Amino acid sequence: METNPPDQDGGTPQTGAPTPSKEERTMAMICHLLPLAGALMPAVPVLNIIAPLVLWLIKKDSMPFVDQQGKEVLNFQITLSIVFFVCMLTFWLILPMILAFGIGIAALVLIIMAAIKANDGVPYRYPFTLRLIK
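Just so it is clear, the model here is predicted, and its values are computed rather than measured.

Moving on, we get to the pattern of salt bridges. The final tally for this structure, using the stated rule, is two salt bridges. In this structure, aspartate 67 engages lysine 71 in a salt bridge whose closest nitrogen and oxygen atoms are separated by 3.7 Å. You can see aspartate 67 and its partner lysine 71 sitting in helix H4 (residues 64–89), four residues apart, about one turn around the helix. Arginine 131 serves as the salt-bridge partner of glutamate 72, at 2.3 Å between the closest nitrogen and oxygen. Taken as a pair, glutamate 72 in helix H4 and arginine 131 in the segment after helix H5 (94–119) lie far apart in primary sequence, 59 residues in all. When its relative accessible area of 5% is taken as the criterion, glutamate 72 is described as buried. The exposure class assigned to arginine 131 is partly exposed, which follows from its relative accessible area of 27%.

This is the structure we're talking about:
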């Protein structure tokens, strides 16, 4: 019985999925990084969702890797927005504010990790994310 050699991460390589092109990887990386524009422009509160949504809508039909990663980004950003909204509703309590700060730091780290993985052509799935867009 012949087995496939393990890939870089130690798992078995996926033989059915084609390797994304450099342009696809770059667009997927940009899609992961675009929500950070929302942090830079607080005057537009939903820019963290709108910016990757626009890129995803433009590229989803021509680039399958961007389609997959764009959905992942949108699901993660929608989940984050819901969590932050709930924390803001309970702003008078200390615990939700501490939780929001910790989630914000974790989200920044996850976004950077996802962008690096996407640039390497490896699909990334954010943990603890509601899968609303399928």
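Considering the arrangement of structural elements, one finds glutamine 69 in helix H4. What makes glutamine 69 buried here is its relative accessible area of 1%.

With that settled, the discussion passes to the packing of helix H3 (residues 47–59) against H4. Here H3 crosses H4 at 160°, and the two axes come no closer than 9 Å. The pairing of H3 with H4 is recorded here as roughly antiparallel in orientation. Considering the relative orientation of H3 and H4, their crossing is left-handed. Here H3 contributes Asn48, Ile49, Pro52, Leu53, Trp56 and Lys59 to the contact with H4, which in turn contributes Val66, Asp67, Gly70, Lys71, Val73, Leu74, Gln77, Ile78 and Ser81. Tallied by class, the residues present in the contact of H3 with H4 amount to eight nonpolar, four polar and three charged.

Let's shift gears to helix H1 (residues 22–33). Taking 1.5 Å of rise per residue, the twelve residues of H1 would be expected to cover 16 Å, and the 16 Å separating its terminal C-alpha atoms lies within 8% of that figure. Residues Glu24, Met27, Ala28, Cys31 and His32 constitute the buried set of H1. The arc that holds every buried residue of H1, seen down its axis, measures 140°, which confines them to one face.

Counted according to the given criterion, the structure contains two aromatic pairs. Aromatic side chains phenylalanine 76 and tyrosine 126 sit 4.0 Å apart centroid to centroid with 5° between the ring planes, which places their arrangement in the stacked category. A residue pair is termed long-range when its members are at least 10 positions apart, and phenylalanine 76 in helix H4 and tyrosine 126 in the segment after H5 qualify at 50 residues. Grouping residues by exposure puts phenylalanine 76 and tyrosine 126 together as buried. Relative to tyrosine 126, the ring of tyrosine 124 lies with its centre 5.2 Å away and its plane at 85°, an arrangement referred to as edge-to-face. Classification of tyrosine 126 by relative accessible area gives buried; the value is 1%. One aromatic cluster is present, built from ring pairs that chain together Phe76, Tyr124 and Tyr126. Over the ring of tryptophan 56 we find lysine 60, and its NZ or CZ is 4.8 Å from the ring centre.

When the pLDDT values of the protein are averaged, the result is 85; 85% of them are 70 or greater. Within the protein, the element-level pLDDT minimum falls on helix H2 (residues 36–40), averaging 79, and the maximum on H1, averaging 95. With pLDDT under 50 throughout, residues 1–13 is counted as low confidence; its partners more than four residues away or in other chains account for eight contacts.

Rules of the game
The residue numbering used here restarts from 1 in each chain and proceeds along that chain's sequence as written. With pLDDT at 70 or above as the cut-off, local features in this predicted model cover only qualifying residues; side-chain atom pairs require 80 or more to be listed or tallied, and sums for whole chains, interfaces and linings still use all residues. The basis for every side-chain value is the complete set of heavy atoms in the structure, and neither hydrogens nor water enter the calculation. When a carboxyl oxygen of Asp or Glu lies within 4 Å of a side-chain nitrogen of Lys or Arg, that pair is called a salt bridge. Secondary structure is summarised from DSSP: a helix means a run of H or I of at least four residues, a strand means a run of E of at least two, and numbering begins at the N terminus for each. Type-normalised accessible area, obtained with a 1.4 Å probe on protein chains alone, sets the label of each residue: buried when under 20%, exposed when over 50%, and partly exposed for intermediate values. Axis lines are fitted through C-alpha atoms, for helices just across the contact stretch, and the angle between N-to-C directions can take any value from 0 to 180 degrees. Comment on the angle field: the value is read as roughly parallel under 35 degrees, roughly antiparallel over 145, roughly perpendicular from 65 to 115, and oblique elsewhere. The handedness criterion is simple: a crossing whose near helix is rotated anticlockwise from the far helix by less than a right angle is left-handed, and one whose near helix is rotated clockwise is right-handed. We call two residues in contact whenever any of their non-hydrogen atoms come within 4.5 Å of each other. Residues are sorted three ways: Asp, Glu, Lys and Arg are charged, Ala, Val, Leu, Ile, Met, Phe, Trp, Tyr, Cys and Pro are nonpolar, and all the rest, Gly among them, are polar. Each residue after the first adds 1.5 Å to the expected span of a helix. Taking the helix axis as origin, the arc is that swept by the directions to the C-beta atoms. In this analysis, rings of Phe, Tyr and Trp, with Trp reduced to its six-membered ring, are considered paired at centre separations within 6.5 Å, and the interplanar angle assigns stacked below 30 degrees, edge-to-face beyond 60, and tilted for intermediate values. Ring-over charges, as used throughout, are those where CZ of Arg or NZ of Lys falls within 6 Å of the ring centre and within 35 degrees of the ring normal. Think of pLDDT as the predictor's per-residue confidence, scored from 0 to 100.

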